[in-house]
Amino acid sequence: MILEGHKVKLALAGARPENYWDGYREEVFSLAEGLGINKYVLELGFLSECDVSFLLSSADMAILPYSEGASTKRCSLAACFLHNLPVITTGNKLLPGFLADNENIILVKPNAPEELKGRAVELITNKALKEKIKRNAEGVRNSLSWNNIAKLHIEIYNELAKGKILVISMGF
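Source: prediction; values computed, not measured.

A. How the structure looks around the overall build of the protein chain. Of the regular secondary structure elements, the protein chain holds seven helices and five strands. When the helices and strands of the protein chain are listed from N to C terminus, the series reads β-α-β-α-β-α-β-β-α-α-α-α. Viewed in the frame of its principal axes, the protein chain has a C-alpha envelope of about 65 × 40 × 30 Å. Within the protein chain, buried positions represent 31% of all 172 residues.

Put into structure tokens, the structure is as follows:
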């Protein structure tokens, strides 16, 4: 994308447990150096909650390519929605129905870098699509908010206290 003139940066944030992603890190930086774009790859390390929020609030989009597909149980995905970021991520059969491709999220196949790049360029160049994704993601933000999750848990506990057996789908 950089070589095609798009102004993008890759921010790698998070603590690095010993040997956890050293191979990935080395691969990313080796590839970036080989392409002459290593100045566009930022290794930020561990960030405080406030710094993560600032980083997400400053971003134009989030690209979260999971090899096994996205899940609303991932804090990184939820955090992106809560910061009103359009999200491009890998789909799978287990995604909840409230995540709709090209409506409130953009889904790509796992291990499909060309498709991911194409969808990212589309999101950069198609302002109407970007705004549509952001606007329609409001319901997802509300579903994933801590206030909503707490409210659902209170409902569960109240029903259990009444002796009722209850099955609630939180959409996760």
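B. Geometry of the environment of Thr89. Of note, Thr89 is situated in strand β4 (residues 87-90). By relative accessible area, which is 0% here, Thr89 ends up buried. Considered as a pair, Thr89 and Val108 are 19 residues apart in the sequence and their alpha carbons are 6.1 Å apart. Among residues more than four places away in sequence, those in contact with Thr89 are Leu64, Tyr66, Ala70, Ile105, Ile106, Leu107 and Val108.

C. Region of interest: the confidence of the model for the protein chain. Across the protein chain, pLDDT averages 84, with 90% of residues at or above 70. No element of the protein chain has a lower mean pLDDT than helix α6 (residues 138-144), at 80, and none a higher one than strand β5 (residues 106-108), at 95.

D. Region of the structure containing the pattern of salt bridges. According to the stated counting rule, one finds four salt bridges in the structure shown. Two residues, Lys130 and Asp60, come together in a salt bridge whose shortest N-O distance is 4.0 Å. Within this pair, whereas Lys130 is found in helix α5 (residues 127-136), its partner Asp60 is found in the loop between α2 (49-58) and β3 (62-64), the two being separated by 70 residues in sequence. Residue classification places Lys130 among the buried positions, given a relative accessible area of 15%. The partner of Glu122 in a salt bridge is Arg119, with the nearest N and O atoms 2.7 Å apart. Placement of the pair is Glu122 and Arg119 together in helix α4 (residues 113-125), with a separation of three residues, close to one helical turn. Accessibility expressed as a relative area gives 30% for Glu122, which makes it partly exposed. According to the relative accessible area criterion, Arg119 is buried, its value standing at 13%.

Reading guide: rules and limits
Residues numbered from 1 in each chain as written. Predicted model: local features only at pLDDT ≥ 70, side-chain atom pairs only at ≥ 80, totals over all residues. Heavy atoms only, no water. Helix = DSSP H or I, 4+ residues; strand = E, 2+ residues; numbered from the N terminus. Buried < 20%, exposed > 50% of the residue type's maximum accessible area, 1.4 Å probe, protein only. Contact = heavy atoms within 4.5 Å. pLDDT = per-residue confidence, 0-100. Salt bridge = Lys/Arg side-chain N within 4 Å of Asp/Glu carboxyl O.

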